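If you want the building blocks of each chain, they are given just below.
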2 protein chains.
Amino acid sequence: MNQDLLFFCTMCQEKSPKEIDKIRCTIDHTVKNYKRGDLIASQGDRISSLYMLTKGKVKTEIISKSGLTVSVEEITAPYPLAAAFIFADNNRFPVEVTAMEDCEVVLISKSSIEKQMAKCPGFLRGFMAFIANRVQFLLERLKIFSQKGIKAKMAYYILQHDKNGSFELGRSIASLAEYFGVERPSLSRAISEMTHDGIIEFEAGKGKILRYNDLKELLG
Amino acid sequence: MNQDLLFFCTMCQEKSPKEIDKIRCTIDHTVKNYKRGDLIASQGDRISSLYMLTKGKVKTEIISKSGLTVSVEEITAPYPLAAAFIFADNNRFPVEVTAMEDCEVVLISKSSIEKQMAKCPGFLRGFMAFIANRVQFLLERLKIFSQKGIKAKMAYYILQHDKNGSFELGRSIASLAEYFGVERPSLSRAISEMTHDGIIEFEAGKGKILRYNDLKELLG
DNA sequence: CAAAAACCGTAACATTCGTTACGGGTATGA
DNA sequence: TCATACCCGTAACGAATGTTACGGTTTTTG
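Since this is a predicted model, take the numbers as computed values, not measurements. (Residues numbered from 1 in each chain as written. Chains lettered and ligands numbered in written order. Predicted model: local features only at pLDDT ≥ 70, side-chain atom pairs only at ≥ 80, totals over all residues. Heavy atoms only, no water.)

Examining the packing of helix α3 (residues 110-119) of chain A against helix α4 (residues 121-145) of chain A
A pair of packed helices can be characterised by two numbers: the angle between their axes and the separation between those axes.
All names here are of chain A.
Right, so step 1: As a packed pair, α3 and α4 sit with axes 5 Å apart at the nearest point and diverge in direction by 120 degrees. As judged from the angle between their axes, α3 and α4 are oblique. Of the residues in α4, those in contact with Ile-113, Gln-116, Met-117 and Lys-119 of α3 are Pro-121, Phe-123, Leu-124 and Phe-127.
Right, so step 2: Within the contact of α3 with α4, the residues separate by chemical class into six nonpolar, one polar and one charged. (Axes fitted to C-alpha atoms, helices over the stretch in contact; angles between N-to-C directions. Helix = DSSP H or I, 4+ residues; strand = E, 2+ residues; numbered from the N terminus. Parallel < 35°, antiparallel > 145°, perpendicular 65-115°, else oblique. Contact = heavy atoms within 4.5 Å. Nonpolar A, V, L, I, M, F, W, Y, C, P; charged D, E, K, R; others polar.)

Description of the relation of the copies chain B and chain A
Right, so step 1: Expressed as a screw transformation, the operator carrying chain B onto chain A has a rotation angle of 180 degrees and an axial translation of 0.1 Å, and the superposed copies differ by an RMSD of 0.2 Å. Considering both components of the superposition, the chain copies are consistent with a two-fold axis. The rotation axis passes nearest to the C-alpha of Ala-118 of chain B in chain B, at a distance of 2.1 Å.
Right, so step 2: When the interface residues of chain B are mapped onto chain A, 100% of them again lie at the interface, so the same face is used by both copies. (Least-squares fit on C-alpha atoms with pLDDT ≥ 70 in both.)

Focus: the environment of Gln-147 of chain B
Residue and element names in this part refer to chain B.
Right, so step 1: Among the structural elements, Gln-147 can be located in the loop between α4 (121-146) and α5 (150-160).
Right, so step 2: According to the relative accessible area criterion, Gln-147 is buried, its value standing at 12%.
Right, so step 3: Once the C-alpha coordinates of Gln-147 and Leu-219 are considered, the two residues, 72 residues apart in sequence, prove to be 6.8 Å apart. (Buried < 20%, exposed > 50% of the residue type's maximum accessible area, 1.4 Å probe, protein only.)

Describing helix α3 (residues 110-119) of chain B
Right, so step 1: For α3 of chain B, the full list of buried residues reads Ser-112, Ile-113, Glu-114, Gln-116 and Met-117 of chain B.
Right, so step 2: Against the buried residues of α3 of chain B lie α4 of chain A together with β3 (49-55), β8 (103-109) and α4 of chain B.

Some remarks on the sheet that holds strand β9 (residues 166-168) of chain B
Residues and elements named next belong to chain B.
Right, so step 1: Spatially, β9-β11-β10 is the arrangement adopted by the three strands of the open sheet, whose pairing is antiparallel. The open sheet has two edge strands with one neighbour each: β9 and β10 (200-203). Ignoring strand direction, the axes of neighbouring strands in this sheet form an average angle of 20 degrees.
Right, so step 2: As paired elements, β9 and strand β11 (residues 206-209) share three bridges and run antiparallel to each other. Along β11, the bridge assignment pairs Glu-168 with Lys-206. (Pairing = 2+ DSSP bridges.)

Topic: the pairing of β11 of chain B
For a regular strand, side-chain orientation follows a simple rule: the groups alternate between the two sheet faces.
Residue and element names in this part refer to chain B.
Right, so step 1: Only one face of β11 is buried: it carries Gly-207 and Ile-209, and the other face, with Lys-206 and Lys-208, is open.
Right, so step 2: As paired strands, β10 and β11 are joined by four bridges and run antiparallel to one another. By the bridge assignment, Phe-202 is partnered in β11 with Gly-207.
Right, so step 3: A loop of two residues connects β10 with β11, the two strands running antiparallel in sequence, and Ala-204 in this loop sits at a positive phi of about 55 degrees.

Thoughts on unusual backbone geometry
Only a minority of non-glycine residues have a phi that is not negative, and only a minority of peptide bonds are not trans.
Residue and element names in this part refer to chain B.
Right, so step 1: Of note in the backbone geometry, Asn-164 takes a positive phi value of approximately 55 degrees without being a glycine.
Right, so step 2: With respect to the secondary-structure elements, Asn-164 resides in the loop between α5 and β9.
Right, so step 3: Its identity is not glycine, yet Ala-204 carries a phi of approximately 55 degrees, on the positive side.

Quick look at the protein's contact with DNA strand D
Right, so step 1: Neighbouring residues of DNA strand D: 15 residues in total, closest Ala-174 and Ser-192 of chain A together with Gly-149, Ile-150 and Ser-186 of chain B.
Right, so step 2: Ile-150 of chain B is positioned with one of its backbone polar atoms (N or O) 2.5 Å from a phosphate oxygen of DNA strand D.
Right, so step 3: Residue Arg-189 of chain B places a side-chain N or O atom 3.0 Å away from a base nitrogen belonging to DNA strand D.
Right, so step 4: Secondary-structure elements contributing two or more residues to the surface near DNA strand D are α6 (173-180) and α7 (184-196) of chain A together with α7 (184-196) of chain B.
Right, so step 5: Looking at side-chain class alone, the surface near DNA strand D contains six nonpolar, five polar and four charged residues. (Near = heavy atom within 4 Å. Polar contact = N/O pair within 3.5 Å; in protein donor to acceptor, adjacent residues only side chain to side chain.)

This is the structure in structure tokens:
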């Protein structure tokens, strides 16, 4: 169990194990175990503790007031289930959390976290860094999504990866399409057209920007 | 200026002025003034301080390495410019910040914020609440965006606002369309079709869900 | 009250995108 | 070496969405 708390620090800190030893996070906590199919948290529950999923896999669902469920996503350990939400004004679980496998959850009360933050600057920084990184990630995805049209998303992505007129995707077209939330053939077609129009060159994951102005005009 | 710091606490706390007086946030800070057109922060700058915009309006832009700018958004005072980013692993401004009017910015160093957090639980909660609310907001928008198709977005939105079979939009169709990132006539058409198909009733901002199963099947 | 602004539904047409299917290439492992 | 799994480009077609335009109602403003 101590091992899991160490991991929790690791996740927050993203620092070396040695530094974690120095910090010696000794946080009050309780451990709960769930069987496959168990309900871990209900939508609407007030969150008074951080739910650190240390073992297993869960799924989250939205449940309308009429009882129908809508699957949202799966989360695999280790991951905190409500790191940000415990401090939000509306501190309720936005989703239903159900165990897909046997799970272990470490509960850390909000007050314990606050105490630990006041006591241990490293923990404070680590926790803040985790949430801040999440904000950054969400913002980045949102910027991509808010670009209307596949070419606009692609143009935005290229401009972000622009290095002196060249760019690398850093991933396959298939995964990029999934990242954009579009179909692979559609993205492939968009890139073909941009290439055919002479705006960019592209081959094997790498490319060059030929006409910056046209590329920029593809954006919203 | 003290007034602005009080406001800063207000923003973080969202509590009554009386409670703020009790807390007496006396945070180390410096004040900077900018003229219209001045550059407040450059893309890529390391962020060591919180930038609290207390007066004026700024615009943020993405700048590609080739010098072209892409407008992103406008921010009006009072608002913190980089509340989350100072704690992120990649603590750099993701955008270029330029003053659109004469602006006043209160700078609070990261270490000052950490000290204040350790000293004053109310400040810690307020700051965390602000960032947590932002995470919630971004997550919600992202969930809407990741629904493919206008009807799916609408179905998701309705299920979220479902109260015993009835729902209220809480905003105009025009603004909802903007929130979804689609055109108003397109959203209007989608609602018309859902009504025509007998899935929902809708009139004057309010509606009823007639067939939950069909509504659910519109989701991804 | 009159003008302006905001909001809404509708329709016709153009554009984009999803869907499906096919063929080819490359890497991996049995 | 063959089978398998990916990854990619392309094409044709249909569906979904954007675009533009119009008329109407309601709300705000002077």
